[in-house]
Amino acid sequence: MPGLPPYGPEALPFSATGLGTQSEGLVVRFTTDDDSSWTGNFQPGLNGCQRIIRHPNGHDFVVISSGQGYIVNPSDPASWNHFGGCIEYVFELSDYGAVLFGNGLWFELLGIDGTLWKSRRISWDGMCDSAISYPYLTGKSWFPDDRWVDFKLDLSDGSVEGGSYWESMAL
């Protein structure tokens, strides 16, 4: 929706921190199974990624409000969860019945029953040129000497080859 509804029931507030519930975030109208509707006001995270997609379970929705992720069931808006905060990448993986989220440092795969895996940290600060060629996601990760290092993420289990971040190198 272009903004909060000017009349009718107030939008339900969703906030990962409990703050900002009176500020306008990403405003979304949901229709329930009985054709009633309600509006949600989803507070933003830390970047510009905005998406609304069907959860792999087929009944919930995933709402990304400026990088902050929310999982909400239109028929039961009181039972919601949040994740992320700085989500930059969203890939719907129909071959896996899952959704891949990335924050510029690592990736997480959301399946029907929740998070399937979380990759190790891949980058010091940012990624680019991400592309999916099943069964892998490839891309480049940033290294502090201002260069990009190739990585390959196995979508089946979250294992990673390459990347610019290794645990032994952490400061």
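Everything below is about the structure printed above this text.
All of these numbers come straight from a predicted model, not from anything done at the bench.

Cut-offs applied
- Residues numbered from 1 in each chain as written.
- Predicted model: local features only at pLDDT ≥ 70, side-chain atom pairs only at ≥ 80, totals over all residues.
- Heavy atoms only, no water.
- Helix = DSSP H or I, 4+ residues; strand = E, 2+ residues; numbered from the N terminus.
- Contact = heavy atoms within 4.5 Å.
- Areas by Shrake-Rupley, 256 points an atom, 1.4 Å probe, with all protein chains shown as cover.
- Lys, Arg positive; Asp, Glu negative; His and termini not counted.
- Charge placed at Lys NZ, Arg CZ, Asp CG, Glu CD.
- Phe/Tyr/Trp six-rings, centres within 6.5 Å; stacked < 30°, edge-to-face > 60°.
- Buried < 20%, exposed > 50% of the residue type's maximum accessible area, 1.4 Å probe, protein only.
- Lys NZ or Arg CZ within 6 Å of the ring centre and 35° of its normal.
- Pairing = 2+ DSSP bridges.
- Axes fitted to C-alpha atoms, helices over the stretch in contact; angles between N-to-C directions.

> Which residues make up the overall build of the chain, and what values do they have?
Check the secondary structure of the chain and you find 0 helices and 15 strands. In terms of overall dimensions, the chain has C-alpha extents of about 55 × 30 × 25 Å along its principal axes. Summarising the internal contacts of the chain: among those between residues at least 6 apart in sequence, 35% fall at separations of at least 24. Looking at the chain as shown, the accessible area adds up to about 9,100 Å², and 51% of this sits on carbon and sulfur atoms. Of the side-chain charges in the chain, 9 are positive and 21 negative, and the distance between the mean point of each set is 7 Å.

> Please provide a residue-by-residue account of the packing of aromatic side chains, values included.
Tallied over the full model, the rule gives 14 aromatic pairs. For the ring pair Phe107 and Phe151, a centre distance of 6.3 Å and an interplane angle of 40 degrees mean the geometry is tilted. With Phe107 in strand β10 (residues 107-111) and Phe151 in strand β14 (residues 147-154), this pair connects stretches of sequence that are 44 residues apart. Of the two residues examined, Phe107 and Phe151, each falls in the buried class. Through successive ring pairs, a cluster of aromatic residues spans Phe14, Phe30, Trp38, Phe42, Phe61, Tyr70 and Trp80. Positioned above the aromatic ring of Tyr165, the side-chain terminus of Arg121 is 4.3 Å from the ring centre. Between Lys152 and the ring centre of Tyr136, over which it is positioned, the NZ or CZ distance is 4.4 Å.

> Describe the sheet that holds strand β8 (residues 89-93), and please don't skip the residues or the numbers.
Strand order in the open sheet formed by 4 strands is β8-β9-β10-β11, with antiparallel pairing between adjacent strands. Each edge of the sheet is formed by a strand with only one pairing partner; in this case those strands are β8 and β11 (114-118). Strand-to-strand, the axes of this sheet are offset by a mean angle of 25 degrees, without reference to chain direction.

Read these as layout, nothing more, since geometry by itself doesn't imply function.
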